[in-house]
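Here is what each chain is made of, one letter per residue.
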Amino acid sequence: MTDARPALNTRLRTLRDYIRWAVSRFQAEELFFGHGTDNAWDEARQLVLGALHLPWEIADGYLDCRLEDDEHLHLQSLLKRRIEERVPTAYLLGEAWFCGLPFIVDERVLVPRSPIGELIEQRFSPWLAGEPARILDLCTGSGCIGIACAYEFLDAEVVLGDLSFEALEVANRNIERHGLEERVYTVQGDGFAGLPGQRFDLIVSNPPYVDAEDFADMPAEYQHEPEMGLACGDDGLDLVRRMLAEAADHLTEKGLLIVEVGNSQVHVEALYPEVDFAWLDFARGGHGVFMLSAEQCREHQALFRERL
């Protein structure tokens, strides 16, 4: 592996120089882009501008500004880690964006990237009947899905549930960052275990769902994310099966359950061929997100429990 650090007397002087150099190195080293960007140019721009606390939409003329010595050193250090250690840019910056909102992230939580963000921006239209009074973001991680929901539904109480105490520490920091302590709170527990007797108008979840085969083949960048947020059994459905078996007990009469299962969609369809899952489409890409009504969850609860 070549040393990614240019010396301080490098010819790289400006923001534009660094972005161009980073694009070249990222492509030469065959980095994987899947934590907020999908190409070397956007990744380089995000890292370089983010490292120097500059906005993504910075005027083009600013790209020709020269860097101070300490900025050179800081940026070189981050670029080295991105290239040699394959650390995702969001972890290097300590921040990721989701639904147009900034979130604190580190290696205790997954990097926000769920296509569910598109549903939130659309206020779950046309499926959600009326304004939800209570929303549950199950397997919340950083809290990004639930907090984004709180911005869209200003009168809703939002619960962020997760098994990981470490993840909830990050989620609580994000609640505080967004000033939502009065409406958003965290609950620790395995699935619905921490929520006895509680019901919600909307349950949204991006749970661990990667099956054993896919997990073994994931690029090195994913090895920096918490395994318990990704992998969940041979077919990826260990938790999803339990969620389906219990969802009817936690939804209001007209409630909705929305769950992301990604590539494990094939396993869901094979396990429950009798169930008419609504698989949602996304204009900006993404797949493997299903929706069930509370009525469907009640109708199939015996089946879901039988196949635990």
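Residues numbered from 1 in each chain as written. Predicted model: local features only at pLDDT ≥ 70, side-chain atom pairs only at ≥ 80, totals over all residues. Heavy atoms only, no water.

1. Some words on the domain arrangement of the chain
The assigned domain composition of the chain is domain 1 (15–93) and domain 2 (99–307). Approximately 1,100 Å² of surface area, both sides summed, lies buried where domain 1 meets domain 2, with 65% of it carried by carbon and sulfur atoms. Considering only the side of domain 1, the residues that lose the most area to domain 2 are Phe 32, His 35 and Tyr 91, jointly responsible for 61% of the buried surface there. Viewed at the interface, domain 2 and domain 1 are joined by 2 salt bridges. Here domain 1 and domain 2 share 5 residue pairs in polar contact (both at pLDDT 80 or more) between them. Counting only elements with at least two residues in the side of domain 1 that touches domain 2, the list comes to α3 (69–85) and α4 (89–93). Along the lines of polarity and charge, the residues of the side of domain 1 that touches domain 2 split into 6 nonpolar, 2 polar and 3 charged. (Domains from an automatic or database assignment. Buried area = accessible area lost by both parts, 1.4 Å probe. Salt bridge = Lys/Arg side-chain N within 4 Å of Asp/Glu carboxyl O. Polar contact = N/O pair within 3.5 Å; in protein donor to acceptor, adjacent residues only side chain to side chain. Helix = DSSP H or I, 4+ residues; strand = E, 2+ residues; numbered from the N terminus. Nonpolar A, V, L, I, M, F, W, Y, C, P; charged D, E, K, R; others polar.)

2. Section: the packing of aromatic side chains
The final tally for this structure, using the stated rule, is 8 aromatic pairs. Between Phe 26 and Phe 33 the ring centres are 6.4 Å apart and the planes differ by 50°, which places this aromatic pair in the tilted class. For the pair Phe 26 and Phe 33, a shared accessibility class is recorded, and that class is buried. Centre to centre, the rings of Phe 277 and Trp 279 are 5.8 Å apart; their planes meet at 45°, and the pair counts as tilted. By relative accessible area, which is 21% here, Trp 279 ends up partly exposed. Cluster of aromatic residues (ring-pair linked, three or more members): Tyr 272, Phe 277, Trp 279, Phe 290 and Phe 304. Against the face of Trp 56 rests Arg 45, its NZ or CZ located 5.3 Å from the ring centre. (Phe/Tyr/Trp six-rings, centres within 6.5 Å; stacked < 30°, edge-to-face > 60°. Buried < 20%, exposed > 50% of the residue type's maximum accessible area, 1.4 Å probe, protein only. Lys NZ or Arg CZ within 6 Å of the ring centre and 35° of its normal.)

3. Comments concerning the packing of helix α1 (residues 15–28) against helix α2 (residues 40–51)
Put simply, α1 and α2 touch, their axes get as near as 8 Å, and they point 135° apart. Classified by the interaxial angle, the pair formed by α1 and α2 is oblique. For the crossing formed where α1 meets α2, the hand is right-handed. Only Ala 40, Trp 41, Glu 43, Ala 44, Arg 45, Leu 47, Val 48 and Leu 49 of α2 make contact with α1, whose side of the interface consists of Leu 15, Tyr 18, Ile 19, Ala 22, Val 23, Phe 26 and Gln 27. When the residues that make up the contact of α1 with α2 are grouped by side-chain class, the tally is 12 nonpolar, 1 polar and 2 charged. (Axes fitted to C-alpha atoms, helices over the stretch in contact; angles between N-to-C directions. Parallel < 35°, antiparallel > 145°, perpendicular 65-115°, else oblique. Left-handed = near helix turned anticlockwise from the far one by under 90°. Contact = heavy atoms within 4.5 Å.)

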